[in-house]
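What the coordinates show
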Amino acid sequence: MEANMPKRKEPGKSLRIKVISMGNAEVGKSCIIKRYCEKRFVSKYLATIGIDYGVTKVQVRDREVKVNIFDMAGHPFFYEVRNEFYKDTQGAMLVFDVGQKDSFDALDAWLAEMKQELGPHGNMENIVFVVCANKIDCTKHRCVDESEGRLWAESKGFLYFETSAQTGEGINEMFQTFYVSIVDLCENGGKRPITNSSASFTKEQADTIRRIRNSKDSWDMLGVKPGASRDEVNKAYRKLAVLLHPDKCVAPGSEDAFKAVVNARTALLKNIK
Ligand code: GTP
Ligand code: MG
């Protein structure tokens, strides 16, 4: 049996699973859990000290699932406390604040911390990850858009939800899908089922969309040197168009990336003799 498989797995019987929350301090991990379990929202920030533990029961198809939730403190100060709690986990919530780019960029470091704590024999492939893009009610301050978050999550085979612990938007849907996926994983012998989204676009497409988003000008966007010839611009454009054409590419953000490439080419050709 896989190391982090829950103990009982006969059909129709109860299951006991462990889930953890991860993400920078103040992104809303505790509030998301509170919104789901207690149907309420607390606007005052009460930092989690080390770790909070709670138990809840949910029904997934014919199974009663007992969920042990370990809500981690995001502050680096608590690393020594939370590092004990990564092992024997079936599901992990990765939370970021859509108004704090740092908290989105930090998700890779959270995965790295988990990997390190699980050690060389730990297997991240048999854990269900759900990314929560939280605080979507704060529209004014939003700086990580849905396609950017979704692209990061889905290119890793993770679930992705837009949530607000304040209004409750997305919270129930997120937990329901999360628990169903964990039960599916347990019934699938501990292997993460291949989701449509993770199988439907390539790493090259995902990396290209990210590169286009971060490009500094039209030359950079097309991946040619400033001062390149018409031929070079057209050649680079054709390659990107084949890779990102909305009929061919379903990666989140591909449509915007494609449009940006078309505009970049038009702008460059106007000025090249
Ligand atoms: P640590 O325990 O320190 O790691 O933080 P945390 O990630 O658990 O954050 P917590 O849930 O305590 O929330 C931090 C602050 O953000 C609090 O003031 C919450 O009221 C606020 N907050 C959480 N979720 C939302 C949300 O969806 N919308 C808004 N507007 N505020 C939120
Ligand atoms: Mg907390």
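What you are looking at is a predicted structure, and each value in this text was computed from that prediction instead of being measured. (Residues numbered from 1 in each chain as written. Chains lettered and ligands numbered in written order. Predicted model: local features only at pLDDT ≥ 70, side-chain atom pairs only at ≥ 80, totals over all residues. Heavy atoms only, no water.)

1. Describing the coordination of the magnesium ion (ligand 2)
In plain terms, the rule: Water is not part of the atom set, so a site may look incomplete; the donors themselves are N, O and S atoms within 2.8 Å of the metal, or 3.2 Å for Na, K and Ca. Numbering goes from the N terminus for both helices and strands, where a helix is a DSSP run of H or I of at least four residues and a strand is a run of E of at least two. The cut-offs for exposure are 20% and 50% of the maximum accessible area for each residue type, with area from a 1.4 Å probe on protein chains only; residues under the lower value are buried, those over the upper are exposed, and the others partly exposed.
In the first shell of the magnesium ion (ligand 2), the protein supplies Ser30 (OG) and Thr48 (OG1), at 2.0 Å from the metal. Of this pair, Ser30 sits in helix 1 (residues 29-38) while Thr48 sits in the loop between helix 1 and strand 2 (51-60), and the two are 18 residues apart along the sequence. Classification of Ser30 as partly exposed rests on a relative accessible area of 24%. Judged by relative accessible area, Thr48 falls into the buried class, the value being 11%.

2. So, the pairing of strand 6 (residues 159-162)
The test is simple: Here, strands pair whenever DSSP counts at least two bridges between them.
Here strand 6 shows a buried face lined by Leu159 and Phe161 and a second buried face lined by Tyr160 and Glu162. By the bridge criterion, four bridges tie strand 5 (residues 128-134) to strand 6 in an arrangement that is parallel. Opposite Cys132, over in strand 6, you have Phe161 as the bridge partner.

3. A short note on the packing of aromatic side chains
Rules: Two rings from Phe, Tyr or Trp (for Trp, the six-membered ring) form a pair when their centres sit within 6.5 Å of each other. Planes less than 30 degrees apart are called stacked, planes more than 60 degrees apart edge-to-face, and all others tilted. Note on criteria: charge over ring means Lys NZ or Arg CZ within 6 Å of the ring centre, with the direction from the centre no more than 35 degrees off the ring normal.
On inspection of all chains with the given rule, the structure shows 11 aromatic pairs. Clustering of aromatic rings is evident, with ring pairs tying together Phe96, Phe104, Phe129, Trp152 and Phe158. When the ring centre of Tyr36 is taken as origin, the NZ or CZ atom of Lys39, which lies over that ring, is 5.3 Å away. The ring of Tyr237 carries Arg265 above its face, with NZ or CZ at 4.4 Å from the centroid.

4. Quick look at the UniProt feature "domain: J" (unreviewed entry) in the protein chain
Quick note on the threshold: UniProt positions are given in the numbering used here, feature names are shortened, and annotations may be inferred rather than shown by experiment.
The positions that UniProt labels "domain: J" (unreviewed entry) are, in the present scheme, residues 217-273. Across residues 217-273, the secondary structure splits into 67% helix and 0% strand, with the terminal C-alpha atoms separated by 19 Å.

5. Some remarks on the pattern of salt bridges
Note the cut-off: Any carboxyl oxygen of Asp or Glu that lies within 4 Å of a side-chain nitrogen of Lys or Arg is treated as forming a salt bridge with it.
Counted by the stated rule, this structure contains 16 salt bridges. Where Glu148 meets Lys101, a salt bridge forms, and the shortest distance between an N and an O atom there is 3.9 Å. Taken together, the positions of Glu148 in helix 5 (residues 146-155) and Lys101 in helix 3 (residues 101-105) put the pair 47 residues apart, joining distant regions of the chain. For Glu148, a relative accessible area of 15% translates into the label buried.

6. Some words on the site of ligand 1
Threshold: By convention in these notes, a residue is near a molecule or strand provided one of its non-hydrogen atoms lies within 4 Å of it. Polar contact is the term for a pair of N or O atoms within 3.5 Å; when the atoms are in protein, one must be able to donate a hydrogen and the other to accept it, and sequence-neighboring residues count only if both atoms are side-chain atoms. Here the open area of atoms and residues is found with the Shrake-Rupley method and a 1.4 Å probe, where only the protein chains shown may cover a residue. Here a cavity means grid points, on a 1 Å grid over the protein atoms only, where a 1.4 Å probe fits yet cannot get out; a pocket means an open set of points with protein on both sides within 12 Å along at least five of seven lines; lining residues are those with an atom within 4 Å of a point. To qualify as sitting in a cavity or pocket, a molecule needs more than half of its atoms within 2 Å of the grid points. Asp, Glu, Lys and Arg are counted as charged, while Ala, Val, Leu, Ile, Met, Phe, Trp, Tyr, Cys and Pro are counted as nonpolar; the rest, among them Gly, fall into the polar class.
In the neighbourhood of ligand 1, 25 residues make up the surrounding shell, with Lys29, Tyr45, Gly74, Asp137 and Ala165 lying closest. Here Ala165 contributes a backbone N or O atom positioned 2.8 Å from an oxygen atom of ligand 1. For ligand 1, whose accessible area on its own is 650 Å², the fraction buried by protein is 93%. Among the cavities detected, the one that contains ligand 1 is the largest pocket. If one sorts the elements of the shell around ligand 1 by residue count, helix 1 sits on top with three residues. The residue makeup of the shell around ligand 1, split by class, is 11 nonpolar, nine polar and five charged.

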